[in-house]
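Observations on chain architecture
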Amino acid sequence: MMALPYITEHTGFTGTVYATEPTMQIGRLLMEELVNFIERVPKAQSASLWKNKDIQRLLPSPLKDAVEVSTWRRCYTMQEVNSALSKIQLVGYSQKIELFGAVQVTPLSSGYALGSSNWIIQSHYEKVSYVSGSSLLTTHPQPMDQASLKNSDVLVLTGLTQIPTANPDGMVGEFCSNLALTVRNGGNVLVPCYPSGVIYDLLECLYQYIDSAGLSNIPFYFISPVANSSLEFSQIFAEWLCHNKQSKVYLPEPPFPHAELIQTNKLKHYPSIHGDFSNDFRQPCVVFTGHPSLRFGDVVHFMELWGKSSLNTVIFTEPDFSYLEALAPYQPLAMKCIYCPIDTRLNFIQVSKLLKEVQPLHVVCPEQYTQPPPAQSHRMDLMIDCQPPAMSYRRAEVLALPFKRRYEKIEIMPELADSLVPMEIKPGISLATVSAVLHTKDNKHVLQPPPRPTQPPSSKKRKRVSEDVPDCKVLKPLLSGSIPVEQFVQTLEKHGFSDIKVEDTAKGHIVLLQEAETLIQIEEDSTHIICDNDETLRVRLRDLVLRFLQKF
Amino acid sequence: MPSVRSGWIQGLCSLAHHPSALHFLADSGAVDTIFALQGDPSLFVASAASQLLVHILALAMQGGASGSPISEAAAWPICAQKIVNHVEESLHSKATPQVTQALNVLTTTFGRCHSPWTGVLWGRLSPPVACLFERDPIPAVHSLMDLLLSVARSHVLNFAACGLWEMLAQTLSRLSPTQAGPLALGTLKLQHCPQELRTQAFGVLLQPLACILKATTQAPGPPGLLDGTAGSSLTVDALLSSKSACVGLLCQTLAHLEELQMLPQCPCPWPQVPLLGATVTILRLCDGSVDPSSSMGGRLCGTLGGCVRVQRAALDFLGTLSQGTSPLELVLEVFAVLLKTLESPESSPTVLKKAFQATLRWLQNSHKTPNCSDLSPDALLFLGELFPILQKRLCSPCWEVRDSALEFLTHLIRHWGGQADFREALHSSEVPTLARQLLQDPESYVRASAVGTAGQLSSRGLQATSASPENPLAQQGLLMDLMHILSTDSEGFPRRAVLRVFTEWLRDGHADVIRDTEWFVATVLQAVSRDLDWEVRMQGLELAQVFLIQAMGQPSLHCPYTVGLPEATSPRPHPEFLQTLCRLPLFEFAFCALLDCDRPVAQKACDLLLFLRDKTTHCSGPQEAGDSPNSASVEAVLQRWREGEQGQPLGDLEPEAMLAILRSLDLEGLQGKLAKSSDHVEKSPQSLLQDMLATVGILEENEADCY
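Reading the values: the criteria
- Residues numbered from 1 in each chain as written.
- Chains lettered and ligands numbered in written order.
- Predicted model: local features only at pLDDT ≥ 70, side-chain atom pairs only at ≥ 80, totals over all residues.
- Heavy atoms only, no water.
- Helix = DSSP H or I, 4+ residues; strand = E, 2+ residues; numbered from the N terminus.
- Buried < 20%, exposed > 50% of the residue type's maximum accessible area, 1.4 Å probe, protein only.
- Contact = heavy atoms within 4.5 Å.
- Areas by Shrake-Rupley, 256 points an atom, 1.4 Å probe, with all protein chains shown as cover.
- Rg over C-alpha atoms; globule rule 2.2 N^0.38 Å.
- UniProt positions renumbered as here; feature names shortened; annotations may be inferred.
- Buried area = accessible area lost by both parts, 1.4 Å probe.
- Salt bridge = Lys/Arg side-chain N within 4 Å of Asp/Glu carboxyl O.
- Nonpolar A, V, L, I, M, F, W, Y, C, P; charged D, E, K, R; others polar.
- Pairing = 2+ DSSP bridges.
- Polar contact = N/O pair within 3.5 Å; in protein donor to acceptor, adjacent residues only side chain to side chain.
- Disulfide = S-S within 2.5 Å.
- Axes fitted to C-alpha atoms, helices over the stretch in contact; angles between N-to-C directions.
- Core = buried A, V, L, I, M, F, W, Y, C linked by side-chain atoms within 4.5 Å.
- pLDDT = per-residue confidence, 0-100.
- Expected span 1.5 Å × (residues − 1).
- Phe/Tyr/Trp six-rings, centres within 6.5 Å; stacked < 30°, edge-to-face > 60°.
- Lys NZ or Arg CZ within 6 Å of the ring centre and 35° of its normal.
- Patch = residues over 30% accessible without salt bridge, like charges linked within 9 Å, V, L, I, M, F, W, Y side chains within 5 Å.

What to know about the overall build of chain B
- For chain B, the helix and strand inventory stands at 38 helices and zero strands.
- Within chain B, the fraction of its 707 residues that count as buried is 49%.
- Across chain B, contacts joining residues at least 24 apart in sequence account for 72% of those joining residues at least 6 apart.
- Per element, the accessible surface of chain B, about 32,800 Å² overall, is 55% carbon and sulfur.

Following this line, the structure appears as structure tokens:
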């Protein structure tokens, strides 16, 4: 989502973007925060000379190891964000969206965040599921819809947890313990985070924990340009929430307990550290703020303010960044650093259960998931294990999915269907010939009744109409059945032919009418009458042949 | 109704004590009914029926065989033959429940009867028992193993002659590793067992751990647990077949080895080093930190990763292994793996509890020096790393974790609170402050543990430093805090904990207590006397007893079978002390407890009053209760209390009146009544009759017949 403006605004994109409403709204908030953070500290000039490879290799690590620096882009503007978002068409869970008649696309709840989706892409005979960041844990969003993923020909699996060895429950416990320990010792806690997502769950855990841990008097600050919108938006997306939270709305109560934290003044939110916050600021306290990379945003100020004291603690909960790299510019640092990445997305055990449940014919996933992580090469449990083995792909690789499109669905117009007279050729199998015009538009195929035989053009207008319709010759019936040679020969004799000779060939028979210098070649699926320029004879013989065949 | 059937069997059991009962049982067809009752849907009834059969068999044989054993089973009494034939038929049955019943009867017989005829019985029934092992699958494996072990424990049989050892050896090698485990343990527990069989049985128990070591050790390395590979493929199959099989086998093996190490029959030499190595490896497989050298190791890593059951079993065994002597590098490995488990956010509360327990045992036993209980330097280094973890655990959002961390801390302080290095390490951490804060925890179990910890810290002079702003009255404040908990806490556990701490403080002469003991005891008793929790009231009596013993000396022994040693005459209690007792008011509290509706409280009060009576026999003249008007009014109040009006106080009492009442009460009689267990009413014939009537009532039968 965060890369959307780069796609829609810089690549000549002219299409439609489909997204659920919370995805769009929260995406907007995240991008708005990012743009705000970046624009707060405008750069007078930007350096690009260092991107020259000869210079780059002289730079200290990690700059010298950065890849494809020439493709790095500036951050987008709010204008570009708005333009990108204007291309979004909102969709709801289980809504079927027709794409050019070729496929139907359906978003399903993925259980990871508000409005987060997995997608089903299906035609009449094929079904592909695209599973992205999904969660089976009971957190705030609607639970993951697994049932709809069943019977897929191909399941594309992406967005698994980045920290497969860390159990989110354990990490939340670790987060709370370290937070309480620091605050009880008179220190401050800094939580670098995004303004939406895990923070809702963290606030809920803290809501349950602070009273029991004797932290009721400790202020919690949430500082973000979009803090207010984020907290309020989360409360109005009732239909996208888990059942428990949905039912609260009917009481009516706010679904998330952070409303109560705000009411009781335990949680306060500010757009930035300037203004009201500087008046209210009281220590020891807990601050949630961005950006989790520690490179920009209000978090930078707190790192500088609290970094020198060992009483304070910074707790990393977002799994997107290496916390050691994030901290590198602040070293030496006296404050304690705790890494409790909370990633609720699927781990390999859950994936294995999911695959057993939905049983796709084929699984397609990034190459990294098909082998243990490089740092833990012995952990055979940290990879996808399924039968048949998953097909893997690399970045930018084009993959042919393992199925062939063999059938296409064609509709028959009712008036045409009415005119059909099926004949039973075997018990249970009836056939009817159809003569129709196949009309194909938007990947939909319709059989329409054939046009009436063309009238002789009487006016210009008529003529034009007849031009639109393809020429339709007088229809010949289709033939079926086989010709019994002996009976055929007898029939020929009855009709005055003599001197008949029958030869067997590999594919059938040849009936020679020596007198007439004519040859009738009878094979399983064809009959040829070869005679020299005697059309009358040919027609006579043809009619005799047709006596033995059924016509449709 | 099961209780009626059960009662019928019990009745027959009582009847069967009489020698002539045998004829009655044989003639009345009761034995056939008992056979049928073996398959009763109620397990209690079925089990009682089996036991009764054994009882009748023993009775028949006792009566029939006078002196020497009857070597021919054919010559046994008819009743015995009938039972044996039934058992033999059942052993041949294809239905597993019947086989199980027969095996249970035999197991009980060999367990109870040690007369020579049991040898003849085994001689007759061992072939059909051996045949059971030929079947596939073997029916009633657990009962079969119980039987073999029961026979092996019998003193009567000549095992070598009857081929029991061979049968055991064959069984051990034929059963799957999971099935063989309990039999191997049982075999090792036998007192007279050939060394060869013991080695085989021990091998069965060691095999799974040997496989673990083999799968995870790089290069040949030090000698493992087992040199041979016999049977290992079966074990490997069991370990790799499925997660549940692997977990089940490992948990069972670890539990068996743990049990074995505690026993006097523990095999010698005990492979301490490889066992410790294997246990540490299992824990590492569970936390994913092993780099396995083989594909089997890789699969084990996947199977055991994060497996809480195996972690718990391994930590239990690890704790037991602390009793043996281990090389230093291995001890350091143990500390490392314990530290990792205690630190890991992935560790579940139950695993943490076990890890704390194991840690405590290793601290107690690591590098024991013969003459002191000091911590070794390694242990001190370990503690340095442990305290920050403990701090974090004391702040855990999970109350079970806070609770076990506090319990662990209490044990640590109890053991090493007097040692300077330990005190320094503890003081330099935030642990004491955090522990004190947990007195206000919302969870009552945690508050109770925090009370214990705070009490222990205070006893050792290790309380949170008074410099901290929250605790200006750190020392005196704790006593008041605990008093506050005792009188206001809504849950019983913290109040019980407070009383335990107070009792210990009183016993150990804690400074806060001896400053004004009378005030202390009076305040505590006042709070306790109103408490609704019976354990708190009982603890209150315990505290009162400690107070009395300190003033009056130890109680004299009341064992009627020992010749009393010349007792140092205990000092006669000073009259002023008796006045104090009246003032506290200890007498009132004890009298009130004597009528307590909870039996243990009344029992304890009775013991206390008996002690008081013994100690005060010489205090006054032969005054009888009722002599003084004061005691008459007390008697009247007591009478009203008995009738359920306990609100009225006894009022100001003179010691003489108290002593008079004490002498007038039939405390011994009361003690005897209270000593009867609470189910004596249920077991009485009257209760059985009521059950029978109830059954009849349900069936709407003629009630008069029952009488």
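So much for the structure itself; the text now carries on.
Quick look at the overall build of chain A
- Across its full length, chain A holds 17 helices and 26 strands.
- Since a compact globule built from 552 residues should have a radius of gyration of about 24 Å, the 37 Å found for chain A marks it as more spread out than a globular shape.
- In terms of overall dimensions, chain A has a C-alpha envelope of 120 × 60 × 55 Å along the principal axes.
- Scored against the burial criterion, the 552 residues of chain A give a buried share of 41%.
- Restricting the contact set of chain A to residue pairs at least 6 apart, pairs at least 24 apart contribute 66%.

Some words on the environment of Ala-238 of chain A
Residues and elements named next belong to chain A.
- Looking at the element boundaries, Ala-238 is found in the loop between helix H7 (227-236) and helix H8 (243-249).
- Distance from Ala-238 to Tyr-250, taken between C-alpha atoms, is 9.8 Å for residues twelve residues apart in sequence.
- Residues contacting Ala-238, with those up to four places away along its chain left out, are Gln-246 and Val-249.

So, the UniProt feature "domain: Beta-Casp" (unreviewed entry) in chain A
- Per the UniProt annotation, the sites labelled "domain: Beta-Casp" (unreviewed entry) are residues 199-327 of chain A.
- With 43% helix and 12% strand, the stretch residues 199-327 of chain A has end C-alpha atoms that lie 21 Å from each other.

Let's talk about the interface of chain A and chain B
- Contacts between the two partners involve 19 residues from chain A, matched on the other side by 22 residues from chain B.
- Interface of chain A and chain B: buried area, both sides summed, is about 1,700 Å²; carbon and sulfur atoms make up 55% of it.
- On the chain A side of the interface with chain B, the three residues burying the most area are Leu-181, Arg-184 and His-378 of chain A, jointly 35% of the side's total.
- For the pair chain A and chain B, the interface holds one salt bridge.
- Between Glu-174 of chain A and Lys-392 of chain B there is a salt bridge; the shortest N-O distance is 2.5 Å.
- Broken down by secondary-structure element, the contributors of at least two residues to the side of chain A that touches chain B are helix H5 (168-184) and helix H6 (198-212) of chain A.
- Ranked by the residues each element gives to the side of chain A that touches chain B, the list is headed by H5 of chain A, at ten residues.
- Here the residues of the side of chain A that touches chain B are counted per class, giving six nonpolar, nine polar and four charged.

Considerations on the pattern of salt bridges
- One pass over the structure, following the stated rule, counts 36 salt bridges over all chains.
- Salt-bridge contacts for Arg-174 of chain B lead to Glu-134 of chain B; the nearest nitrogen and oxygen are separated by 4.0 Å. Of the two residues, Arg-174 of chain B sits in helix H10 (residues 164-174) while Glu-134 of chain B sits in helix H7 (residues 117-134), which places them 40 residues apart along the sequence.
- Arg-174 of chain B sits in the partly exposed class, given a relative accessible area of 41%.
- Taken together, the salt bridges that share partners define one network made up of Glu-126, Arg-405 and Glu-408 of chain A.

Some thoughts on the pairing of strand E23 (residues 508-513) of chain A
Residues and elements named next belong to chain A.
- For E23, the tally of buried residues reaches five of six residues, placing the bulk of the element in the interior.
- By the bridge criterion, five bridges tie strand E22 (residues 500-504) to E23 in an arrangement that is antiparallel. Looking at E23, one finds that Ile-500 is bridged to Leu-513.
- Hairpin connection between E22 and E23: a loop of three residues separates the two successive antiparallel strands.
- Note that E23 and strand E24 (residues 518-523) share six bridges and pair antiparallel. Bridging across to E24, Gly-508 finds its partner in Glu-523.

Re the side chain of Asn-365 of chain B
Residues and elements named next belong to chain B.
- Relative to the assigned elements, Asn-365 resides in helix H19 (residues 349-365).
- Here Asn-365 falls in the buried class, since its relative accessible area comes to 17%.
- Here Ser-322 takes part through its side chain, which lies 3.0 Å from a polar atom of the side chain of Asn-365.
- Excluding its chain neighbours within four sequence positions, the residues that come into contact with Asn-365 are Ser-322 and Gln-323.

Comments concerning the state of the cysteines
- Scanning all chains against the criterion turns up zero disulfides over all chains.
- With no disulfide of its own, Cys-266 of chain B lies closest to Cys-268 of chain B among cysteine sulfurs, the gap being 7.5 Å.

Things to note about the sheet that holds strand E15 (residues 391-393) of chain A
All names here are of chain A.
- On the basis of which strands lie adjacent, the open sheet formed by seven strands has the order E3-E4-E5-E6-E7-E14-E15 and mixed pairing. Because the sheet does not close on itself, it has two edges, and the strands there are strand E3 (97-99) and E15. If you compare each strand with its neighbour and ignore which way they point, the axes differ by 20° on average.
- Pairing analysis gives four bridges linking strand E6 (residues 127-131) to strand E7 (residues 154-157), with the strands arranged parallel.

Some points on the sheet that holds E24 of chain A
Residues and elements named next belong to chain A.
- Strand order in the open sheet made by the four strands is E22-E23-E24-E25, with antiparallel pairing throughout. The open sheet has two edge strands, E22 and strand E25 (527-530), and neither has a second partner. Averaged over all neighbouring strand pairs, the angle between strand axes comes to 15°, with direction disregarded.
- Each of E22, E23 and E24 touches helix H16 (residues 485-494); the most contacted strand, E22, lies at about 165° to it.

Here's the deal with the nonpolar core
- With 260 residues, the main nonpolar core has Phe-288 of chain A together with Phe-502 of chain B as its most contacted residues.
- In terms of residues, this core owes the most to one element, helix H12 (residues 195-216) of chain B, which gives eleven residues.
- The contact partners of Phe-288 of chain A, leaving out residues within four places of it in the chain, are Phe-175, Val-191, Cys-193, Ile-199, Leu-202, Leu-203, Leu-206, Phe-220, Tyr-221, Phe-222 and Ile-223 of chain A.

Quick look at helix H34 (residues 655-664) of chain B
- Across the ten residues that make up H34 of chain B, a large majority, seven, are buried.
- Buried within H34 of chain B are the following residues: Pro-655, Ala-657, Met-658, Leu-659, Ala-660, Ile-661 and Leu-662 of chain B.

Concerning the confidence of the model for chain B
Residues and elements named next belong to chain B.
- Across chain B, the average pLDDT comes to 82, with 82% of residues at 70 or higher.
- Across chain B, helix H17 (residues 308-321) holds the top mean pLDDT of 96, while helix H38 (residues 703-706) sits lowest at 44.
- Residue range residues 622-626 is modelled with pLDDT below 50. Its contacts to residues more than four positions away, or to other chains, number seven contacts.
- Between residues 701-707, whose pLDDT stays under 50, and residues either more than four places distant or in other chains, the model counts eight contacts.
- Interface scoring of the predicted complex returns ipTM 0.72; its pTM is 0.78.

Observations concerning helix H20 (residues 377-394) of chain B
- For H20 of chain B, with 18 residues, the first-to-last C-alpha span of 25 Å sits near the 26 Å given by 1.5 Å per residue.
- Taken together, the buried positions of H20 of chain B are Ala-379, Leu-380, Phe-382, Leu-383, Leu-386, Phe-387, Ile-389, Leu-390, Gln-391, Lys-392, Arg-393 and Leu-394 of chain B.
- Looking at the buried residues of H20 of chain B, the elements they touch are H5 of chain A together with helix H18 (328-343), H19, helix H21 (399-416), helix H22 (420-427) and helix H23 (431-437) of chain B.

Describing the packing of aromatic side chains
Residue and element names in this part refer to chain A.
- All chains considered together, the criterion is met by 30 aromatic pairs over all chains.
- Members of the aromatic cluster, joined through ring pairs, are Tyr-221, Tyr-270, Phe-277, Phe-281, Phe-302 and Trp-306.
- Of note, Lys-245 hangs over the ring of Phe-256, and the distance from its end group to the ring centre comes to 5.1 Å.

Considering a nonpolar patch on the surface
Residues and elements named next belong to chain A.
- Side chains of Met-423, Ile-425, Ile-429 and Leu-431 sit close together on the surface and give an oily, nonpolar patch of about 330 Å² of accessible area.
- When residues of the nonpolar patch are traced back to their parent elements, those giving at least two are strand E17 (423-426) and strand E18 (429-431).
- Along the chain, Ile-425 falls in strand E17.

Side note on unusual backbone geometry
- Put simply, Gln-331 of chain A and Pro-332 of chain A share a cis peptide bond, and its omega is -5°.
- Mapped onto the secondary structure, Pro-332 of chain A falls in the loop between helix H12 (323-327) and strand E13 (336-339).
- Along the chain, Asp-136 of chain B connects to Pro-137 of chain B via a cis peptide bond; the corresponding omega equals -5°.
- With respect to the helices, strands and loops of the structure, Pro-137 of chain B is situated in the loop between H7 and helix H8 (141-153).

Considering the environment of Ile-349 of chain A
Residue and element names in this part refer to chain A.
- Within the element layout of this structure, Ile-349 appears in helix H13 (residues 348-358).
- On the basis of relative accessibility, which here comes to 57%, the residue Ile-349 falls in the exposed class.
- Considering only alpha carbons, one finds Ile-349 and Ile-38, 311 residues apart in sequence, at a separation of 39 Å.

Regarding the environment of Leu-53 of chain B
Residues and elements named next belong to chain B.
- Structurally, Leu-53 is set in helix H4 (residues 43-64).
- For Leu-53, a relative accessible area of 1% corresponds to the buried category.
- Note: C-alpha distance between Leu-53 and Met-692 (639 residues apart in sequence) is 24 Å.
- Beyond its immediate stretch of four places on either side in the chain, Leu-53 contacts Val-31, Ile-34, Phe-35, Gln-38, Ile-83 and Val-105.

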